[in-house]
Amino acid sequence: MGRLDNKVAIITGGSKGIGAAVAERFVEEGAKVVITARHAEEGENLAKKLGEDKALFVTQDVSQEAEWKKVMDATIEKFGKVNIIVNNAGIGEYADAEKIDADNWNRTIAINLTGTMWGIHYGINYMKDNGESNSIINLSSIEGLIGDPDLFAYNASKGGVRLMTKSAALDCARKHYNIRVNSIHPGYIMTPLVQNLMDTDPSVKDHLISLHPVGRLGKPVEVANMALFLASDESSFSTGSEFVCDGGYTAQ
């Protein structure tokens, strides 16, 4: 028996990095998954690898409401229901408060915060009446818990995800919807996003490793395992909470 047998999950930003690791772990544990991303090739390849009876890829810009309706309808058409939303799509660009520009700010907020907002909104509306146990999992960050002078917009977006999660969790609880809403706060994980940051300056890698007391960066599967717990009924008494996966970063 898998931990996610008979569950259907939507995973945004699911074509690579943490999202791809989540998709793989969910399928291993019995779920059907819908992977979304802006660029099709990687997502289609992953869906094919996971099996067309278990996975579907749909192109999506999470910041656009109409694209959420498209994804939800495609999921219902393919798998008949939705039980899990993993709001994972995100971007991160360096800029401090002095140097921030409109493009950086608007792009970061649109994808990280507005995209997650629509995922929560549509997740609740499509899951509230299905008579099953459901879970919304929002990928925030350690940058949603602590400040970083070089990640002004990213801090704002991920801090917003943290408190938006709590608001939605309380809303679902007071309405007696069987929908739990939690956030995951990873440290620096070896993903294409972090690799791009390190490629800009070779010294960045050593610096990022030094921030984590365990002496290394995280692996995508380690975050996926946290998401698996929150997606499963094992976390049935957890809602509105932060789950940190950061190698001791925020313990300091």
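The protein chain is annotated in an unreviewed UniProt entry as Glucose 1-dehydrogenase from Candidatus Limosilactobacillus merdigallinarum. In UniProt, the protein chain has this text filed under Sequence similarities (unreviewed entry): "Belongs to the short-chain dehydrogenases/reductases (SDR) family."

Caption draft 1: Here's a closer look at the overall build of the protein chain. When you go through the protein chain residue by residue, the secondary structure sums to eight helices and seven strands. Computed over the C-alpha atoms, the radius of gyration of the protein chain is 17 Å, within 12% of the 18 Å expected from 2.2 N^0.38 for a compact globule of 252 residues. The principal-axis extent of the C-alpha atoms belonging to the protein chain is close to 50 × 40 × 35 Å. Residues classed as buried in the protein chain amount to 52% of the 252 residues present. Restricting to contacts in the protein chain with at least 6 residues of sequence separation, those with at least 24 account for 68%. In the form shown here, the protein chain has an accessible surface area of approximately 11,400 Å², with 51% of it arising from carbon and sulfur atoms.

Caption draft 2: Up close: the packing of aromatic side chains. Considering all chains together, one arrives at four aromatic pairs under this definition. Plain terms: the ring middles of tyrosine 122 and tyrosine 126 are 6.3 Å apart, the flat faces sit at 40 degrees to each other, and that makes the pair tilted. Taken as a pair, tyrosine 122 and tyrosine 126 lie in helix H4 (residues 102–127) at a separation of four residues, close to a single helical turn. Ring pairing ties together the aromatic residues Trp118, Tyr122 and Tyr126, which thus form one cluster.

Caption draft 3: Expanded view of the pairing of strand S1 (residues 8–12). Taking burial as the measure, the five residues of S1 include five buried ones, the bulk of the element. Burial along S1 is two-sided: Val8, Ile10 and Thr12 facing one way and Ala9 and Ile11 facing the other are all buried. Read as a crossover between parallel neighbours, the route from S1 over helix H1 (residues 17–28) to strand S2 (residues 32–37) is right-handed. Where S1 and strand S4 (residues 84–87) come together, three bridges link them in parallel fashion. Paired with isoleucine 10 across the bridge in S4 is isoleucine 85.

Caption draft 4: Structural context of the sheet that holds S2. Spatial ordering of the open sheet is given by S3-S2-S1-S4-S5-S6-S7, a layout of seven strands whose pairing is parallel. A strand with exactly one partner marks an edge of an open sheet, and here the two such strands are strand S3 (55–59) and strand S7 (242–245). Each strand axis lies, on average, 20 degrees off the axis of its neighbour in the sheet, ignoring direction. As paired elements, S4 and strand S5 (residues 134–139) share four bridges and run parallel to each other. Paired with isoleucine 84 across the two strands is serine 135, which belongs to S5. Contacts from helix H2 (residues 40–50) reach S2 and S3 within the one sheet, and its direction differs from that of S3 by about 170 degrees.

Caption draft 5: Quick look at the packing of helix H6 (residues 192–199) against helix H7 (residues 203–210). The contact between H6 and H7 brings their axes to 7 Å, and the two run at 125 degrees. One element, H6, and the other, H7, form an angle in the oblique class. Facing H6, whose interface residues are Val194, Leu197 and Met198, H7 presents Val204, Lys205 and Leu208. Per-class residue counts for the contact of H6 with H7 are five nonpolar, no polar and one charged.

Reading the values: rules and limits
- Residues numbered from 1 in each chain as written.
- Predicted model: local features only at pLDDT ≥ 70, side-chain atom pairs only at ≥ 80, totals over all residues.
- Heavy atoms only, no water.
- UniProt positions renumbered as here; feature names shortened; annotations may be inferred.
- Helix = DSSP H or I, 4+ residues; strand = E, 2+ residues; numbered from the N terminus.
- Rg over C-alpha atoms; globule rule 2.2 N^0.38 Å.
- Buried < 20%, exposed > 50% of the residue type's maximum accessible area, 1.4 Å probe, protein only.
- Contact = heavy atoms within 4.5 Å.
- Areas by Shrake-Rupley, 256 points an atom, 1.4 Å probe, with all protein chains shown as cover.
- Phe/Tyr/Trp six-rings, centres within 6.5 Å; stacked < 30°, edge-to-face > 60°.
- Right-handed = clockwise from strand over helix to strand, strands pointing away.
- Pairing = 2+ DSSP bridges.
- Axes fitted to C-alpha atoms, helices over the stretch in contact; angles between N-to-C directions.
- Parallel < 35°, antiparallel > 145°, perpendicular 65-115°, else oblique.
- Nonpolar A, V, L, I, M, F, W, Y, C, P; charged D, E, K, R; others polar.

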